[in-house]
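Here is what each chain is made of, one letter per residue.
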Amino acid sequence: MACVLEAPLRMSVLSEVTASSRHYVDRLFDLDPQKVLQGVICSEPWLVLHPCSPSFSKDWSPQPLRYEKCCNWKQQTKSQLDCFGSSSKDATVISHLMALLSRSRYTQEYICQIFSHCCKGPDHQTILFNHGAVQNIAHLLVSTSYKVRMQALKCFSVLAFENPQVSMTLVNVSVDGELLPQIFVKMLQRDKPIEMQLTSAKCLTSMCRAGAIRTDDPCIVLKTLPCLVRMCSKDRLLEERVEGAETLAYLIETDVELQRMASISDHLIVMLADYFKYPSSVSAITDIKRLDHDLKHAHELRQAAFKLYASLGANDEDIRKKIIETENMMDRIVNGLSESSIKVRLAAVRCLHSLSRSVQQLRTSFQDHAVWKPLMKVLQNAPNEILVVASSTLCNLLLEFSPSKEPILESGAIELLCSLTQSENLALRVNGIWALMNMAFQAEQKIKSDILRGLSTEQLFQLLSDSDVNVLMKTLGLLRNLLSTRPHIDHIMSTHGKQIMQAVTLILEGEHNIEVKEQTLCILANIADGTTAKELIMTNDDILQKIKYYMSHSNAKLQLAAMFCISNLIWNEEEGSQERQDKLRDMGVVDILHKLSQSSDPNLCDKAKTALQQYLA
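Analysis parameters
- Residues numbered from 1 in each chain as written.
- Predicted model: local features only at pLDDT ≥ 70, side-chain atom pairs only at ≥ 80, totals over all residues.
- Heavy atoms only, no water.
- Helix = DSSP H or I, 4+ residues; strand = E, 2+ residues; numbered from the N terminus.
- Buried < 20%, exposed > 50% of the residue type's maximum accessible area, 1.4 Å probe, protein only.
- Areas by Shrake-Rupley, 256 points an atom, 1.4 Å probe, with all protein chains shown as cover.
- Salt bridge = Lys/Arg side-chain N within 4 Å of Asp/Glu carboxyl O.
- Polar contact = N/O pair within 3.5 Å; in protein donor to acceptor, adjacent residues only side chain to side chain.
- Contact = heavy atoms within 4.5 Å.

Quick notes on the overall build of the protein chain
Inference 1: Looking only at helices and strands, one finds 38 helices and four strands in the protein chain.
Inference 2: When burial is assessed residue by residue, the protein chain has 56% of its 617 residues classed as buried.
Inference 3: If you sum the accessible surface of the protein chain, you get close to 27,300 Å²; carbon and sulfur atoms cover 51% of it.

Given below as structure tokens:
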């Protein structure tokens, strides 16, 4: 259904339209969507469109169009475009728009703008791609009209974002004998308008992230990255600095060499600290308009800075150290965790997560600023997208060498993490069990008991039967950490032994990968190391047969894990070892040990010989 304008607005708009334009404008108020579409496309140049440049991040989408001539026209025409967007799967409409591209430079400009506005996700990208958008728009990049070139460029930046199919196609398209990447590089040169430089950099960034252009390609290392660093400097407009930082964060996010190059380019780490200084006290006193402008962009600047710091510090310890040593950095992150803007909070948590990968910083800066306190507060009540990153950060703060581990435990983290393991969100389940696994490592018996009590046997079985292998592996890792040191093993198996043995049996019988079964056999080896717990294995013939089976398995990892179980069961310095040795000999275990002692695998060979010595002692 077409969106129609109210009569009073229609009169105010039409009063400014020439007679020659009236025919097209009348179509904007027609109930027929096709006529409305024609009206938008064919309106004369009195309608001057200027697209707002979207921030280039994982959560950006094209902004609404901004129109001169009539203030109310902006919202009404946005509604018209939204109508097209809601029906953009209509092949007839898309094909018609493609056909109109050749009519004039105005239709080229406006149609590219419509595509940019209406393309709001992978499905829309695919529809436009399948209707020949790349081939139909590519030649517009060399149009004599700057506006057409710019709108075509923006269209490609939207089409290519996080889309390998489009990106892989763009890299091989040529216009007038020149490949598109070369055209994009020319468009980001210093003598070109800033919006053209930024949008070209976005296109090249998307192509790089999609694997269409190598990260060490000169067009990335020598052109795109330096261009984006330039956009972060003080002499750029605030909105340009935001866009530059967010695009750069995306470009370098997964590549350590690009992170290192960016970190030493134009004092970027120090330059980003300036993003936190808006609105400035000077602008507040001297210029109300400047204050209003600064306030408007202050949140965006902080968000962009946190994102870029997170990408810069993702892998390199020296870069993390430089970031943390930047003026008031930890205080800014802590403040960011409690900001009203969800986007700033999320970016601050991502930055904290990136820096929490540093062992040194966990022991120093994180402890000095008691970062765990605001982080725990964030975890109490936040959207899932923030919870996922915050819980990942908590996993790092719970590592055994982190001074934050003890106060986190005292603040009621076990209950919080156990509740995360019940989440429908997969990432939260993984992080919840991962954090509990870290918490259980070399922990006191009370903490281990509290974890088992918090999880409950029912929830533990639920996690062990989870369809996601990461959840299963982390749950097995938790069990392995819980079942360490003999007194703890014996205590836990005395209270939960039946259920744990049942779970182990189910996994060893199930269709699981090598890593899962290896981890399960290692849990059995830990149980076999207990003083009283090992009897739960020795009195379970089904489990003993499974251990024997894996001793002769074709995979050396599983053989070795099974051998650890046997070694712990037959160790002759422990009470009852003779009876256990005799039972295992009668099962044929000694014969298998003799065979394995001749193995070409040195680990298996050595382990088998060590086990045989227990029989000879």
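Looking at the pattern of salt bridges
Inference 1: This model, assessed by the stated rule, comprises 27 salt bridges.
Inference 2: Across the salt bridge formed by Lys-154 and Glu-195, the nearest N and O atoms sit 3.5 Å from each other. Note that Lys-154 is positioned in helix 9 (residues 146–160) and Glu-195 in helix 12 (residues 194–209), a separation of 41 residues in sequence.
Inference 3: Shared partners join several salt bridges into a network, and the residues in it are Arg-486, Asp-529, Lys-534 and Glu-574.

Description of the side chain of Gln-125
Inference 1: In this structure, Gln-125 sits in helix 7 (residues 122–130).
Inference 2: One polar contact links the side chain of Gln-125 to the main-chain carbonyl oxygen of Leu-159, over a distance of 3.1 Å.
Inference 3: Within the structure, Gln-125 has its side chain in polar contact with the backbone oxygen of Phe-161 (distance 3.0 Å).
Inference 4: Apart from residues lying up to four places away in sequence, Gln-125 is in contact with Cys-119, Val-158, Leu-159, Ala-160, Phe-161 and Asn-163.

Regarding unusual backbone geometry
Inference 1: Phi at Glu-162 is positive, roughly 55 degrees, even though this residue is not glycine.
Inference 2: Relative to the elements of secondary structure, Glu-162 occurs in the loop between helix 9 and helix 10 (164–170).
Inference 3: For Ser-456, which is not a glycine, the phi torsion comes out positive at approximately 75 degrees.
Inference 4: Relative to the elements of secondary structure, Ser-456 occurs in helix 29 (residues 445–464).

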